[in-house]
Amino acid sequence: MYKRKIYLFGITSGLIMMVALCCTAVSAYLTQINLEQSNTGQTLLAEHQKLSSISYRMFKQLTDELIFGESANQAIIRNKQALIAQSLDKIRSLELQQRQALGSKMTAGSIEDTDELAGLIDAIISEFKAITATYNNTPLDQQNRLQTLLEVKIDNEFREAINAAVVRQGNVVSAINAKIETLNTAIVWFAVGVALFAMPCIILACYWLFNQLYQPLTIINNGTKAIAAGDYHQRLPETLDTEFSQLVSSLNLLASRLADHEMKAEHSRKQLEFEVEQRTREIKQVNEQLTRVDSRRRQFLADVSHELRTPLTIIRGEAQVTLRQSSASEEVYRETLESILLQAVNLSELVDDLLLLARAELSQLKLDTSRQPLSDFLQNQVSQWQRLHEDRQFTLDIDESAEALQLKFDQQRLKQVVAIMLDNACKYSAPQSPINVSLKQVDTSACIEIKDFGEGISPADINHIFERFVRFKHKSEGLGLGLAIAKAIIEAHGGEIQVNSTQGEGTLFQIYLPMDVE
């Protein structure tokens, strides 16, 4: 492990050296590029000077031709023109190369001025040819035109253009040389900076190396003290040198076992507290549920007792009154028996209703289902109720999507539900008000709606209308079991029943039956 740290120290030092060498290589590369640009600038400067020399010699030979005749020096003039063209092409090529290397800002006007210089040379040559062609033995006029060409075009314009190009290129060369000097200065300062940076790094690396050699003993000493003080979560780093790995593993294993023992004890205590709290909460919930069940049982027994007391009281009263009569007629006995029979029938119906609700709560309500058209069933029920209540208008509205619906349902039980709904609609609405029955399809269910236009149900009562022994407006008719029975029957079919009511506008009951299409 110690060797690895020494290797790491050597690699770090090597990386620093490599960075320095890379920077040196980059500096050398930049210096080479600047030298190439300087050579290009020097070549351009020499080429401009060469162009100036060739041009002046050619202008002199053109002047000689004008003086001594058209046949003088023609071959030499053509050679000079070719040299000028070659020099201009070379200047253009070098200037384009220089602009790509240095940019348009540093070489502004170089290519454009060269084009103007070439145009000026062509203009001077053309002017010489024009003067030669129009020579007409008028020395004075001819001397003025030639003088203008020599003094204005050549001595002034051409000289200024070629000097400007030479000065501009000299400035570029000076800028490149200044750039090279700046780069050399930067390289020197960079070398100084690298030295100033490398020396502290080497010193810190040496300090780190010596610290790493003595660090394992200090860590092991501190770790054992912490474990002895009861800090079982203290762990010695397993990244120490391999010479200490076995000792570190043994100490960590000891601390881990002590920590596990303490953790299990704490977990057992918390688990016990949680279970006690959970059991207490469950017992409390069961107690509350038993209290509610007992309260409902007491209320149910009270309601049943109240409902049974009335017919039994009537039966006992009728029998006692008849028995007290010493000579009752047969008609009296018949009326008494009829009254007793009526109350017995009422008792039987009450017992049947209670038995139905009890079976429904235990999910033991048996249905005799068969598949049949629901629309025909509703038409028969509405027709029967219309015959029973001729003074009231019953309407049936069957949606087109529900005309062919065939559902599996218990006809007698569903008839009982419709009867309960229609009976309540008649009971809690004005005698002349209509009752609307409709059938439609809602998603995957058939919906039967029964709408009356009575006074409606108050918001306080609408949440309790499906409970047992609940009567609207505290009327005496009925036992208050009808809607509870209707809900139990519909839920046994796998459906649901809903109610919406607005006081003063009436009540709407909606019965949803699933369409179990096979």
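For the structure, check the block above.
Here's a quick rundown of the structure. Because the structure is a prediction, the values reported are computed rather than measured. (Residues numbered from 1 in each chain as written. Predicted model: local features only at pLDDT ≥ 70, side-chain atom pairs only at ≥ 80, totals over all residues. Heavy atoms only, no water.)

## Here's the deal with the environment of Ala108
- Mapped onto the elements of the fold, Ala108 is located in the loop between helix 2 (74–102) and helix 3 (110–133).
- Ala108 sits in the partly exposed class, given a relative accessible area of 49%.
- When the C-alpha atoms of Ala108 and Val172 are compared, they prove to be 10.0 Å apart, with 64 residues separating the residues in sequence.
- When near neighbours in sequence (up to four residues on either side) are disregarded, Ala108 contacts Arg99 and Arg168. (Helix = DSSP H or I, 4+ residues; strand = E, 2+ residues; numbered from the N terminus. Buried < 20%, exposed > 50% of the residue type's maximum accessible area, 1.4 Å probe, protein only. Contact = heavy atoms within 4.5 Å.)

## A word on the sheet that holds strand 6 (residues 496–502)
- Ordered in space as 2-4-5-7-6, the 5 strands form an open sheet in which the pairing is mixed. Two strands in the sheet have a free side with no partner beyond their single neighbour: strand 2 (394–398) and strand 6. Each strand of the sheet is rotated relative to its neighbour by a mean of 15°, with strand direction disregarded.
- The pairing of strand 4 (residues 435–442) with strand 5 (residues 445–452) spans 8 bridges and is classified as antiparallel. Considered in strand 5, the bridge of Gln441 is made with Ala446.
- Running over the sheet, helix 7 (residues 374–388) touches strand 2, strand 4 and strand 5 and is turned about 170° from strand 2. (Pairing = 2+ DSSP bridges. Axes fitted to C-alpha atoms, helices over the stretch in contact; angles between N-to-C directions.)

## Some points on the packing of aromatic side chains
- The full count for this structure, using the stated rule, is 1 aromatic pair.
- It is Lys451 that lies over the ring of Phe453; its NZ or CZ is 5.5 Å from the centre. (Phe/Tyr/Trp six-rings, centres within 6.5 Å; stacked < 30°, edge-to-face > 60°. Lys NZ or Arg CZ within 6 Å of the ring centre and 35° of its normal.)

## Here's the deal with the pairing of strand 6
- Of the two faces of strand 6, only one is covered, namely that formed by Ile497, Val499 and Ser501; the face formed by Glu496, Gln498, Asn500 and Thr502 stays uncovered.
- Across 7 bridges, strand 6 lies against strand 7 (residues 506–514) in antiparallel orientation. Across the sheet, the residue bridging to Ser501 is Thr507, located in strand 7.
- The turn linking strand 6 back onto strand 7 is made up of 3 residues, and Gly504 within it adopts a positive phi angle of 90°.

## A look at helix 8 (residues 411–427)
- Counted at 1.5 Å a residue, the expected span for helix 8 with its 17 residues is 24 Å, and the 24 Å between its end C-alpha atoms agrees.
- Of all the positions in helix 8, only Leu414, Val417, Val418, Ile420, Met421, Leu422, Asn424, Ala425 and Cys426 are classed as buried.
- One side-chain oxygen at the N-terminal end of helix 8 lies 3.1 Å from the backbone nitrogen of Gln412; it belongs to Asp410. (Expected span 1.5 Å × (residues − 1). Polar contact = N/O pair within 3.5 Å; in protein donor to acceptor, adjacent residues only side chain to side chain.)

## Examining the pattern of salt bridges
- Here the structure, examined in full by the defined rule, presents 7 salt bridges.
- We note a salt bridge from Arg281 to Glu277, for which the minimum N-O separation is 3.9 Å. Note that Arg281 and Glu277 are positioned in helix 5 (residues 245–324) at a spacing of 4 residues, about one turn of the helix.
- With a relative accessible area of 38%, Arg281 lands in the partly exposed category.
- Salt-bridge contacts for Lys427 lead to Asp423; the nearest nitrogen and oxygen are separated by 3.7 Å. With Lys427 and Asp423 both in helix 8 and 4 residues apart, the pair spans about one turn of that helix.
- Of the residues examined, Lys427 reaches a relative accessible area of 25% and is grouped as partly exposed.
- Take Asp423: its relative accessible area is 34%, and that puts it in the partly exposed class.
- Ionic contacts of the salt-bridge type, sharing partners, join the residues Glu266, Arg269, Lys270 and Glu273 into one network. (Salt bridge = Lys/Arg side-chain N within 4 Å of Asp/Glu carboxyl O.)

## Some points on the side chain of His493
- Looking at where His493 falls in the secondary structure, it is placed in the loop between helix 10 (482–492) and strand 6.
- In this structure His493 comes out as buried when scored by relative accessible area, which is 13%.
- At 3.0 Å, the side chain of His493 forms a polar contact with the backbone nitrogen of Asp410.
- Sequence-distant contacts of His493, defined by excluding residues within four places in its chain, comprise Leu367, Lys408, Phe409, Asp410, Arg413, Leu513 and Pro514.

## Some remarks on a negative patch on the surface
- Residues Asp397, Asp399, Glu400 and Glu403 make up a contiguous surface patch of negative charge.
- Looking at where Glu403 falls in the secondary structure, it is placed in the loop between strand 2 and strand 3 (406–410).
- Since its relative accessible area comes to 48%, Glu403 is described here as partly exposed. (Patch = residues over 30% accessible without salt bridge, like charges linked within 9 Å, V, L, I, M, F, W, Y side chains within 5 Å. Areas by Shrake-Rupley, 256 points an atom, 1.4 Å probe, with all protein chains shown as cover. Lys, Arg positive; Asp, Glu negative; His and termini not counted. Charge placed at Lys NZ, Arg CZ, Asp CG, Glu CD.)

## Description of the packing of helix 7 against helix 8
- Contact pair helix 7 / helix 8: the axes reach a minimum separation of 11 Å and the direction vectors enclose 45°. Looking at the two axes, helix 7 sits oblique to helix 8. With respect to the hand of their crossing, helix 7 and helix 8 are arranged in right-handed fashion. On helix 8, the residues that touch Leu374, Phe377, Leu378, Gln381, Gln384 and Trp385 of helix 7 are Gln411, Leu414, Lys415, Val418, Ala419, Leu422, Asp423 and Cys426.
- Split into classes, the residues belonging to the contact of helix 7 with helix 8 amount to 9 nonpolar, 3 polar and 2 charged. (Parallel < 35°, antiparallel > 145°, perpendicular 65-115°, else oblique. Left-handed = near helix turned anticlockwise from the far one by under 90°. Nonpolar A, V, L, I, M, F, W, Y, C, P; charged D, E, K, R; others polar.)

## Side note on helix 7
- Between its first and last C-alpha, helix 7 extends 22 Å over 15 residues, near the 21 Å set by a 1.5 Å rise per residue.
- For helix 7, every residue scored as buried is listed here: Leu374, Ser375, Phe377, Leu378, Gln381, Val382 and Trp385. In a view along the axis of helix 7, the buried residues occupy a sector of 160°, so they form one face of it.
- Tucked into the core, helix 7 has its buried residues touching strand 1 (369–373), strand 2, strand 3, helix 8, strand 4 and strand 5. (Arc of directions from axis to C-beta.)

## Concerning unusual backbone geometry
- Here the phi dihedral of Asp443 falls at roughly 60°; this positive angle occurs in a residue that is not glycine.
- Relative to the elements of secondary structure, Asp443 occurs in the loop between strand 4 and strand 5.
- Look at Asp443 and you get exposed, because its relative accessible area is 68%.

No statement about biological role is implied by the geometric values presented.
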